Amino acid sequence: MRVLYTILLLTLSNAFMTFAWYGHLKFKEMKWSQNLPLVTIILISWGIALFEYLLQVPANRLGFKEYGGPFSLIELKVIQEVITLTVFMLFSLVFFKNETFRVNHLIGFVFLILAVYFVFKK
């Protein structure tokens, strides 16, 4: 069960992280935010990122072997990176319609999957 909870929390955490890091790029399309100073945009992003940390820290605690979880530190990091890129890809395709998913991106993801395979190979 810890595997599922860890992956679920990391996925939700990454959704908040992606919105905090890249969501503000869509603010120019929203009337209320067009004249906000950069410091305000940063504070909004930090507010969103707080939710990322509220999910990510427990995910890493649940998943880490030294706290009774199933994953080593390296395995947690590789899982995190794959989730991050997957969430980002979905985010960019849904919210940034002008972005395209190309063959070289697919090849890169295949290499990431291979990285996961090799990291978890005993």
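Residues numbered from 1 in each chain as written. Predicted model: local features only at pLDDT ≥ 70, side-chain atom pairs only at ≥ 80, totals over all residues. Heavy atoms only, no water.

> Let's hear about the nonpolar core: which residues, and what values?
Within the largest apolar cluster, 10 residues are counted, these being Leu9, Leu10, Leu55, Ala59, Phe64, Phe71, Leu76, Ile79, Ile83 and Val87. Broken down by element, the residue count for this core peaks at 4 residues, all from helix H3 (residues 73-95). Filtering out sequence-adjacent residues up to four positions away, leucine 9 remains in contact with Leu55, Pro58, Ala59 and Leu62. (Core = buried A, V, L, I, M, F, W, Y, C linked by side-chain atoms within 4.5 Å. Buried < 20%, exposed > 50% of the residue type's maximum accessible area, 1.4 Å probe, protein only. Helix = DSSP H or I, 4+ residues; strand = E, 2+ residues; numbered from the N terminus. Contact = heavy atoms within 4.5 Å.)

> Give a description of the side chain of threonine 6 that names residues and reports values.
Within the fold, threonine 6 resides in helix H1 (residues 2-22). A residue is classified by how much of its surface remains accessible, and threonine 6, at 0% relative accessible area, is buried. Within the structure, the side chain of threonine 6 is placed 3.3 Å from the backbone nitrogen of glycine 63, a separation counted as a polar contact. Residues contacting threonine 6, with those up to four places away along its chain left out, are Ala59, Leu62, Gly63, Phe71 and Leu76. (Polar contact = N/O pair within 3.5 Å; in protein donor to acceptor, adjacent residues only side chain to side chain.)

> I'd like a rundown of the layout of surface pockets, residues and numbers included.
The calculated volume of the largest pocket comes to roughly 230 Å³. Taken together, 14 residues form the lining of the largest pocket, with Phe88, Met89, Ser92, Glu99 and Thr100 sitting closest to its centre. If you tally residues by element for the lining of the largest pocket, the top one is H3, at 6 residues. Considered as a void within the structure, the second largest pocket measures approximately 170 Å³ in volume. Lining the second largest pocket are 13 residues; nearest its centre among them are Met17, Trp21, Ala49, Glu52 and Tyr53. Contributing elements (two or more residues each) for the lining of the second largest pocket: H1, helix H2 (38-63) and H3. Counting residues per element, the lining of the second largest pocket draws most heavily on H2, which supplies 6 residues. Classifying every residue of the lining of the second largest pocket gives 6 nonpolar, 4 polar and 3 charged. (1 Å grid on protein atoms, 1.4 Å probe; cavity = no way out; pocket = protein on both sides within 12 Å on 5 of 7 lines; lining within 4 Å. Points joined across faces, edges and corners; volume = space filled by probe spheres on them. Nonpolar A, V, L, I, M, F, W, Y, C, P; charged D, E, K, R; others polar.)

> Hey, could you go over a nonpolar patch on the surface for me, with residue numbers and the actual values?
Together, Leu93, Phe101, Val103, Leu106, Ile107, Val110, Phe111, Leu114, Tyr117 and Phe118 make up a nonpolar patch on the protein surface, roughly 980 Å² of accessible area in all. Broken down by element, the residue count for the nonpolar patch peaks at 8 residues, all from helix H4 (residues 103-120). Its place among the elements puts leucine 106 in helix H4. Residue classification places leucine 106 among the partly exposed residues on the basis of a relative accessible area of 46%. (Patch = residues over 30% accessible without salt bridge, like charges linked within 9 Å, V, L, I, M, F, W, Y side chains within 5 Å. Areas by Shrake-Rupley, 256 points an atom, 1.4 Å probe, with all protein chains shown as cover. Salt bridge = Lys/Arg side-chain N within 4 Å of Asp/Glu carboxyl O.)

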